[in-house]
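Read off the chains here:
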Amino acid sequence: ACRDDNDGSLTWLSKSRHFIACTRAGKPTYSRYGDAYKLSALCAALCALYDASRDHGDGKTKDAAMGDGLRAIVAPGRVVAFHATEYMLYVVTSSIKGESERTLHAQLAQFRRVMESLVTNAALEHALARNAKFDVGRALEAQAHADVALATAIRSMSWDTSYVLNTYRTFALAAPIRRSCMEAIRASMTFTSPFAGAVFSSDGRLGAYAKPRGNRPVTIAASDMIVLMNHVRVMREIVAESSTANEEEADDDDVDEGASFERLCLPAFNANGFMHAYVAPLSRDTPSVIVCFLTASADARAQCKAARETLYKKLDENTSLAAIVAASEKTMDASTLPPEAFGGFTDARDSLLHFVYNRPVRDQHISSTFSASLNVKDVKTLARAYAALYASMKETDADAFNIPPNLVGTQRVRYEQRERFNILSCVGGDFEIYLTLKSDASVVVAVALCNRLCVYLRVSEPELFLSPT
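1. Re the overall build of the protein chain
Now for step 1: Helices and strands together make up the secondary structure of the protein chain, namely 14 helices and 16 strands.
Now for step 2: Across the 469 residues of the protein chain, 52% fall into the buried class.
Now for step 3: When contacts within the protein chain are restricted to residue pairs at least 6 apart in sequence, long-range pairs at least 24 apart make up 62% of them.
Now for step 4: Of the roughly 20700 Å² of accessible surface on the protein chain, 51% is carried by carbon and sulfur atoms.

What follows is the structure, given as structure tokens:
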């Protein structure tokens, strides 16, 4: 949609999904499409509708995170979901078939976190509490690359399983190599007020992270790691575009080429304050390995650059650099898994199009590459199917599945047959696995593959996932 479009234009109305944020007074803050400030009438109507539901007790919910008002409107061909705080209202509308209210609410929670990461809760809530006329939209525009960050997160929701499961993706790395990487990260953080350091693959999967000893909390919340993952993607995109535009003017002696140093809020850690994130390739020769350092100091860019160089040297000296680079470039593909991953069903591996193995207790998951037989539309459909299954399989209401109350929380399995593929999901006490198979795969084959793959992945966890820092 054109930046000048509004809710009366055919281009704007034709979009299948809209994300909108406004103050509870109806003042526009953000719109995925068009000019938010041209949606004043629509935002005022949405706020009035929400407030009326609170006054009259329609559509109330006891969920404190969602407020006490209207959760969603389901109309023919479109669902409108609401997420309200004391001073802000977040709205998503979708006309995509099969998109559930629960999925949309989860996406709104992610949307809100990205908003907070850009301007902090202090701007979204506290400033409005002091001054009802405070312009959150202008504060958002003042934040560098805010539009790109929000757009990237919204697009990622259509394919990235991190936004479905609220756990972050990792890349496989031998446990000793990962530990040596974590120690090297910790040793290199000699800059002012360090908070954490991390190594990502160029596609946003986490390889390792570490915090200074004695730093609390000792881990980074999954929701904050997903925010950081989105920030890394955005900064790599911005820097890549800038590097291409200035390629002829690039200085060969600029050892900090390709780096960014921007302020960022991690809402789960401190929703009301900023820290600064340094993002750069580990070196010019290792573009697949991205380093991120987090610091409370706004003047630590040069120190972070020095820390990056120190990290490179330490990894090179302890001989783990080559293994980390190779691991960051490698993806998990069903076709390349060893025979033991399939047991006696190796011949059925061609039926497996994609899988996700989630370990909520670790806040991590691994996701295979999508089969080449799946097109872009298939991938988006698959992500929505995972989201719907995740929501339904997590449902705690025993009546929803006709399960006796004393058995809720035990392992549950569901098999769905669709036109182009079938999906098997299995949720246990401490794991979840989702398999996408060809439409002609039988239930027997699906269950057998699931069982064998679960055993293989469970045994491989020391290499697949990060251990506590």
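Next comes the rest of the account.
2. Observations regarding the packing of aromatic side chains
Now for step 1: Under the counting rule described, the total for this entry stands at eight aromatic pairs.
Now for step 2: Here a set of aromatic residues connected by ring pairs shows up, and it is made of Phe19, Tyr30, Tyr90 and Phe111.
Now for step 3: In this structure, lysine 15 is placed above the aromatic ring of tyrosine 33, and the distance from its NZ or CZ to the ring centre is 5.1 Å.
Now for step 4: Its end group placed over the ring of tyrosine 37, arginine 138 keeps NZ or CZ at 4.3 Å from the ring centre.

3. A closer look at the packing of helix 3 (residues 101–130) against helix 5 (residues 146–156)
Now for step 1: Here helix 3 crosses helix 5 at 160°, and the two axes come no closer than 10 Å. By the angle between their axes, helix 3 is roughly antiparallel relative to helix 5. Helix 5 is crossed by helix 3, and the crossing has right-handed handedness. The residues of helix 5 that touch helix 3, namely those facing Phe111, Val114, Met115 and Leu118, are Ala146, Ala149, Leu150, Ala153 and Ile154.
Now for step 2: Per-class residue counts for the contact of helix 3 with helix 5 are nine nonpolar, no polar and no charged.

4. Side note on the sheet that holds strand 15 (residues 421–427)
Now for step 1: With mixed pairing, six strands are arranged side by side in an open sheet as 6-13-12-16-15-14. The sheet is open, and its two borders are formed by strand 6 (168–169) and strand 14 (412–417), each paired with just one other strand.
Now for step 2: Sitting on the sheet, helix 12 (residues 376–393) touches strand 12 (352–359), strand 14, strand 15 and strand 16 (432–438), and the angle it makes with strand 15 is about 30°.
Now for step 3: Where helix 13 (residues 443–459) meets the sheet, it contacts strand 12, strand 13 (364–367), strand 14, strand 15 and strand 16, and its direction lies at approximately 135° from that of strand 16.

5. Concerning the nonpolar core
Now for step 1: In terms of nonpolar packing, the biggest core is built from 54 residues, with Phe111, Met115, Phe200 and Leu294 touching the most fellow members.
Now for step 2: In contact with methionine 115, other than residues within four places in its own chain, are Ala21, Thr29, Tyr30, Met88, Tyr90, Thr120, Leu124, Leu140 and Leu150.
Now for step 3: Counting residues in each nonpolar core, the second largest holds 28 residues, with Cys181, Met182, Ala300 and Leu311 among its members.

6. Re the sheet that holds strand 9 (residues 260–264)
Now for step 1: Across the sheet, which stays open at both edges, the five strands sit in the order 8-7-11-10-9 with antiparallel pairing between neighbours. What marks the edges here is a single partner per strand, and that holds for strand 8 (206–210) and strand 9. Direction aside, neighbouring strands of the sheet carry axes that sit 20° apart on average.
Now for step 2: Note: strand 9 against strand 10 (residues 275–281), five bridges, orientation antiparallel. When the sheet's bridge partners are listed, phenylalanine 261 is paired in strand 10 with tyrosine 278.

7. Observations regarding the side chain of threonine 295
Now for step 1: By secondary structure assignment, the location of threonine 295 is in strand 11 (residues 289–295).
Now for step 2: A polar contact is formed between the side chain of threonine 295 and the backbone oxygen of threonine 192, at a distance of 2.6 Å.
Now for step 3: Polar contacts involving the side chain of threonine 295 include one to the main-chain amide nitrogen of serine 297, which spans 3.0 Å.
Now for step 4: Ignoring any residue separated from it by four or fewer positions in sequence, one finds threonine 295 in contact with Phe191, Thr192, Ser193, Pro194, Phe195, Phe261, Met275, His276, Ala300 and Cys304.

8. Digging into the pattern of salt bridges
Now for step 1: Within the structure shown, the criterion is met by 16 salt bridges.
Now for step 2: When the shortest N-O distance is used, the salt bridge between lysine 27 and aspartate 135 registers 3.8 Å. Of this pair, lysine 27 sits in the loop between strand 1 (17–23) and strand 2 (28–31) while aspartate 135 sits in the loop between helix 3 and helix 4 (136–142), and the two are 108 residues apart along the sequence.
Now for step 3: A salt bridge links arginine 112 to glutamate 116; the nearest nitrogen and oxygen atoms lie 3.2 Å apart. Highlighted residues: arginine 112 and glutamate 116, both in helix 3, separated by four residues, approximately one helical turn.
Now for step 4: The partly exposed category is assigned to arginine 112, whose relative accessible area is 21%.
Now for step 5: A single network of salt bridges, built from pairs that share partners, joins Arg359, Arg362, Asp430, Arg458 and Glu461.

9. Digging into helix 13
Now for step 1: With 17 residues, helix 13 extends 25 Å between its outermost C-alpha atoms, agreeing within 8% with the 24 Å of an ideal straight helix rising 1.5 Å per residue.
Now for step 2: Here helix 13 has its buried residues at Val445, Ala446, Ala448, Leu449, Cys450, Leu453, Cys454 and Leu457.
Now for step 3: Each element contacted by the buried residues of helix 13 is listed here: strand 12, strand 13, strand 14, strand 15, strand 16 and helix 14 (461–464).

10. Section: the pairing of strand 10
Look at any regular strand and the pattern is simple: side chains alternate between the two faces of the sheet.
Now for step 1: Among the seven residues of strand 10, seven are classified as buried, and the element is accordingly described as predominantly covered.
Now for step 2: Across six bridges, the pairing between strand 10 and strand 11 is antiparallel. Considered in strand 11, the bridge of valine 279 is made with cysteine 292.

11. Thoughts on the packing of helix 7 (residues 175–188) against helix 10 (residues 301–317)
Now for step 1: At a minimum axis distance of 9 Å, the contact between helix 7 and helix 10 shows a crossing angle of 145°. The two elements helix 7 and helix 10 cross, and the hand of that crossing is right-handed. Taken together, the residues of helix 10 that come into contact with helix 7 (itself represented by Cys181, Ala184, Ile185, Ala187 and Ser188) are Ala307, Thr310, Leu311, Lys314 and Leu315.
Now for step 2: For the contact of helix 7 with helix 10, the residue count by class is seven nonpolar, two polar and one charged.

12. Here we look at the environment of glycine 343
Now for step 1: Here glycine 343 shows up in the loop between helix 11 (321–329) and strand 12.
Now for step 2: Residue glycine 343 is classed as partly exposed on the basis of its relative accessible area, which comes to 28%.
Now for step 3: Between the alpha carbons of glycine 343 and arginine 452 there is a distance of 6.0 Å; along the sequence they are 109 residues apart.

Procedures and definitions
Residues numbered from 1 in each chain as written. Predicted model: local features only at pLDDT ≥ 70, side-chain atom pairs only at ≥ 80, totals over all residues. Heavy atoms only, no water. Helix = DSSP H or I, 4+ residues; strand = E, 2+ residues; numbered from the N terminus. Buried < 20%, exposed > 50% of the residue type's maximum accessible area, 1.4 Å probe, protein only. Contact = heavy atoms within 4.5 Å. Areas by Shrake-Rupley, 256 points an atom, 1.4 Å probe, with all protein chains shown as cover. Phe/Tyr/Trp six-rings, centres within 6.5 Å; stacked < 30°, edge-to-face > 60°. Lys NZ or Arg CZ within 6 Å of the ring centre and 35° of its normal. Axes fitted to C-alpha atoms, helices over the stretch in contact; angles between N-to-C directions. Parallel < 35°, antiparallel > 145°, perpendicular 65-115°, else oblique. Left-handed = near helix turned anticlockwise from the far one by under 90°. Nonpolar A, V, L, I, M, F, W, Y, C, P; charged D, E, K, R; others polar. Pairing = 2+ DSSP bridges. Core = buried A, V, L, I, M, F, W, Y, C linked by side-chain atoms within 4.5 Å. Polar contact = N/O pair within 3.5 Å; in protein donor to acceptor, adjacent residues only side chain to side chain. Salt bridge = Lys/Arg side-chain N within 4 Å of Asp/Glu carboxyl O. Expected span 1.5 Å × (residues − 1).

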